[in-house]
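The chain contents come next:
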Amino acid sequence: MANLYEKYVWEVPVRVTHWINVICIALLSITGLLIGNPKLFTLSTSDYLMGWIRFVHFVAAYTFTVSVVSRLYWSLIGNRYASWREFVPFLTPEGRRGMLDTLRYYTFVSRKAPHVVGHNSLAGTAYFVVFLLYLTMIVTGFTLYSERAPLGVTHKLFGWVMVLFTNQGLRLTHHMTMWFLVAFAIHHVYSAWLMDVKEKGGVMSSIFSGYKAVRKEG
């Protein structure tokens, strides 16, 4: 007979970086849209509105970068559910089977919901892609940011990207990646809610408390 018990899954750094990323992506998306398509909200240039919008964008960008780097570091020293191995399940036969089983459930081919303690295999792979999108946003964003100071430190770190890609190509990539992340966020909330209802494991609340309800056979 199966029952449930609470298990500590998501450590504090995982939860903190998760919510920092949520806030930063929201701020970066809103301010980024305004920077890419500026509107006239004031009657005087002394109001410095666009300057403040750019300032919020840059502060959020630095904060987001620190958060992503911190999460990557924690994937090396955290518990098994925070480990980088959770994001590459496709490297093992068991992980690939898990991806297929989860996909069958998401596409309504199977009625059996996968019950895993950490990320399911399909979610882990999706997060791997998301982190690639994060890195794309960081590199393209700081490369564009570095243009303001051709002799600055940022330009020395990211200026080489301008040799490989045009300015407009970088802007388009930066903009498109934002929409990919927005689309992922919508699906992420839906799938987390779905698994919370079907698994009854407290998926939604676990990102606040760190605890999930896990099945125990007995």
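Residues numbered from 1 in each chain as written. Predicted model: local features only at pLDDT ≥ 70, side-chain atom pairs only at ≥ 80, totals over all residues. Heavy atoms only, no water.

Enquirer: Mind showing me how you'd approach the overall build of the protein chain here?
Expert: The helix and strand tally for the protein chain stands at 8 helices and 2 strands. Taken along its principal axes, the extent of the C-alpha atoms in the protein chain is 70 × 40 × 35 Å. In the protein chain, which comprises 218 residues, the proportion classed as buried is 35%. For the protein chain, long-range pairs separated by at least 24 residues make up 70% of all intrachain contacts whose partners lie at least 6 apart in sequence. For the protein chain, the distance from the average site of its 20 positive side-chain charges to the average site of its 10 negative ones is 3 Å. (Helix = DSSP H or I, 4+ residues; strand = E, 2+ residues; numbered from the N terminus. Buried < 20%, exposed > 50% of the residue type's maximum accessible area, 1.4 Å probe, protein only. Contact = heavy atoms within 4.5 Å. Lys, Arg positive; Asp, Glu negative; His and termini not counted. Charge placed at Lys NZ, Arg CZ, Asp CG, Glu CD.)

Enquirer: Before we go on, may I ask you to explain the environment of G202 in this structure?
Expert: Position of G202 relative to the elements: it lies in the loop between helix 7 (167-199) and helix 8 (203-209). Assessed through its relative accessible area of 19%, G202 is described here as buried. Separated by 10 residues in the primary sequence, G202 and A192 have C-alpha atoms spaced 9.6 Å apart. Once residues within four sequence positions are removed from consideration, G202 is found in contact with D196 and Y211.

Enquirer: So what exactly am I meant to see when it comes to the packing of aromatic side chains here?
Expert: Each aromatic ring pair is described using two quantities: the centre-to-centre distance and the angle formed by the ring planes. For the structure shown, the criterion picks out 16 aromatic pairs. Taken together, a centroid distance of 5.0 Å and an interplanar angle of 85° make the contact between F64 and Y134 edge-to-face. Placement of F64 in helix 2 (residues 49-77) and of Y134 in helix 4 (residues 121-146) is noted, with a sequence separation of 70 residues between them. Classification of F64 by relative accessible area gives buried; the value is 4%. Seen from their ring centres, F87 and Y127 are 6.5 Å apart, and the 75° between their planes marks the pair as edge-to-face. Of this pair, F87 sits in the loop between helix 2 and helix 3 (93-106) while Y127 sits in helix 4, and the two are 40 residues apart along the sequence. The class of Y127 is buried, set by a relative accessible area of 16%. Of note, R148 hangs over the ring of Y145, and the distance from its end group to the ring centre comes to 4.1 Å. (Phe/Tyr/Trp six-rings, centres within 6.5 Å; stacked < 30°, edge-to-face > 60°. Lys NZ or Arg CZ within 6 Å of the ring centre and 35° of its normal.)

Enquirer: For this particular structure, what's the right way to read helix 2?
Expert: Residues lying three or four places apart along an α-helix face the same way, a consequence of the helix completing one turn every 3.6 residues. For helix 2, with 29 residues, the first-to-last C-alpha span of 42 Å sits near the 42 Å given by 1.5 Å per residue. Within the sequence span of helix 2, burial applies to G51, I53, H57, A60, F64, T65, S67, V68, R71 and S75. Looking at the packing, one finds that the buried side of helix 2 touches helix 1 (12-36) and helix 4. (Expected span 1.5 Å × (residues − 1).)

Enquirer: Hey, could you run me through the environment of A26 in this one?
Expert: Tracing the chain through its elements places A26 in helix 1. Overall, A26 belongs to the partly exposed group, its relative accessible area being 39%. Put simply, A26 and A60 are 34 residues apart on the chain and 9.4 Å apart in space, counted from C-alpha to C-alpha.

Enquirer: What exactly am I supposed to notice about the confidence of the model for the protein chain here?
Expert: Interpretation of this model should avoid reading the predicted coordinates in detail wherever pLDDT is low. Confidence in the prediction of the protein chain, expressed as mean pLDDT, is 90, and 97% of residues score 70 or more. Considering each helix and strand of the protein chain separately, the mean pLDDT is smallest for strand 2 (residues 211-217), with a value of 78, and largest for helix 1, with 96. (pLDDT = per-residue confidence, 0-100.)

Enquirer: So what exactly am I meant to see when it comes to the layout of surface pockets here?
Expert: A volume near 1100 Å³ is recorded for the largest pocket. Residue lining of the largest pocket: 39 residues in total, with H18, H119, Y127, F184 and H188 positioned closest to the centre. Those elements giving two or more residues to the lining of the largest pocket turn out to be helix 1, helix 4, helix 7 and helix 8. Among the elements that take part in the lining of the largest pocket, helix 7 stands out by supplying 11 residues, more than any other. Taken as a whole, the second largest pocket spans an internal volume of roughly 760 Å³. Contributing to the lining of the second largest pocket are 29 residues, with G32, H57, G141, L144 and H174 lying nearest its centre. Every element with two or more residues in the lining of the second largest pocket is listed here: helix 1, helix 2, helix 4 and helix 7. (1 Å grid on protein atoms, 1.4 Å probe; cavity = no way out; pocket = protein on both sides within 12 Å on 5 of 7 lines; lining within 4 Å. Points joined across faces, edges and corners; volume = space filled by probe spheres on them.)

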